[in-house]
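# A look at the structure
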Amino acid sequence: MAILNGIVTVLLVITALILIATVLLQPGESSGLGAIAGGAETFFGKNKAKSMEGKLALATKISAGVFIICALIVAMIG
């Protein structure tokens, strides 16, 4: 069990670092007063999943899920 605990703990730390990096690399959502009138929606906003923003959002969601699962495993083992 000690080996499994060590492996999951290392995976937890790596996932935490990836999660921190992906959150920090994402741009802010504030677009000023243009968002009030709907000016923030552009052609590129509609294809967001194919852009770097969409890929970072997907990586954030996946790493958050892996982080939660690893944290639960460490809590159950330890």
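Not measured: the values here are computed from a predicted model. (Residues numbered from 1 in each chain as written. Predicted model: local features only at pLDDT ≥ 70, side-chain atom pairs only at ≥ 80, totals over all residues. Heavy atoms only, no water.)

### Some words on the overall build of the chain
Counting secondary structure elements, the chain contains 3 helices and 0 strands. In sequence order, the chain lays out its α and β elements as α-α-α. Of all 78 residues assigned to the chain, the portion counted as buried reaches 13%. Across the chain, every contact between residues at least 6 apart in sequence was considered, and the portion connecting residues at least 24 apart equals 86%. Of the roughly 6000 Å² that the chain leaves accessible, carbon and sulfur atoms contribute 75%. (Helix = DSSP H or I, 4+ residues; strand = E, 2+ residues; numbered from the N terminus. Buried < 20%, exposed > 50% of the residue type's maximum accessible area, 1.4 Å probe, protein only. Contact = heavy atoms within 4.5 Å. Areas by Shrake-Rupley, 256 points an atom, 1.4 Å probe, with all protein chains shown as cover.)

### Re the environment of L12
One can find L12 in helix α1 (residues 2-25). Separated by 54 residues in the primary sequence, L12 and V66 place their C-alpha atoms 8.0 Å from one another. Not counting residues within four places of it along the chain, the set of residues in contact with L12 comprises F67, C70, A71 and V74.

### Points about the confidence of the model for the chain
This prediction gives the chain a mean pLDDT of 84; 74% of its residues lie at or above 70. No element of the chain has a lower mean pLDDT than helix α2 (residues 43-46), at 56, and none a higher one than α1, at 95. (pLDDT = per-residue confidence, 0-100.)

### A few points about helix α3 (residues 52-77)
A rise of 1.5 Å per residue sets the reference length of α3, with its 26 residues, at 38 Å; its end C-alpha atoms lie 37 Å apart and thus fit the reference within 8%. Buried within α3 are the following residues: G54, L56, T60, S63 and C70. Against α1 lie the buried residues of α3. (Expected span 1.5 Å × (residues − 1).)

### Some points on the side chain of S63
With respect to the helices and strands, the residue S63 is situated in helix α3. Within polar-contact distance, the side chain of S63 engages the backbone oxygen of T60 at 3.1 Å. Once residues within four sequence positions are removed from consideration, S63 is found in contact with T15, I18, L19 and T22. (Polar contact = N/O pair within 3.5 Å; in protein donor to acceptor, adjacent residues only side chain to side chain.)

### Details of the packing of α1 against α3
Helix-helix packing: each pair is described by the crossing angle between the helix axes and the interaxial distance. Direction vectors running N to C along α1 and α3 enclose 150°, while the axes themselves pass 8 Å from each other. Considered as vectors, α1 and α3 are oriented roughly antiparallel to each other. In terms of crossing hand, the pair formed by α1 and α3 is left-handed. Among the residues forming the contact of α1 with α3, the class breakdown is 19 nonpolar, 6 polar and no charged. (Axes fitted to C-alpha atoms, helices over the stretch in contact; angles between N-to-C directions. Parallel < 35°, antiparallel > 145°, perpendicular 65-115°, else oblique. Left-handed = near helix turned anticlockwise from the far one by under 90°. Nonpolar A, V, L, I, M, F, W, Y, C, P; charged D, E, K, R; others polar.)

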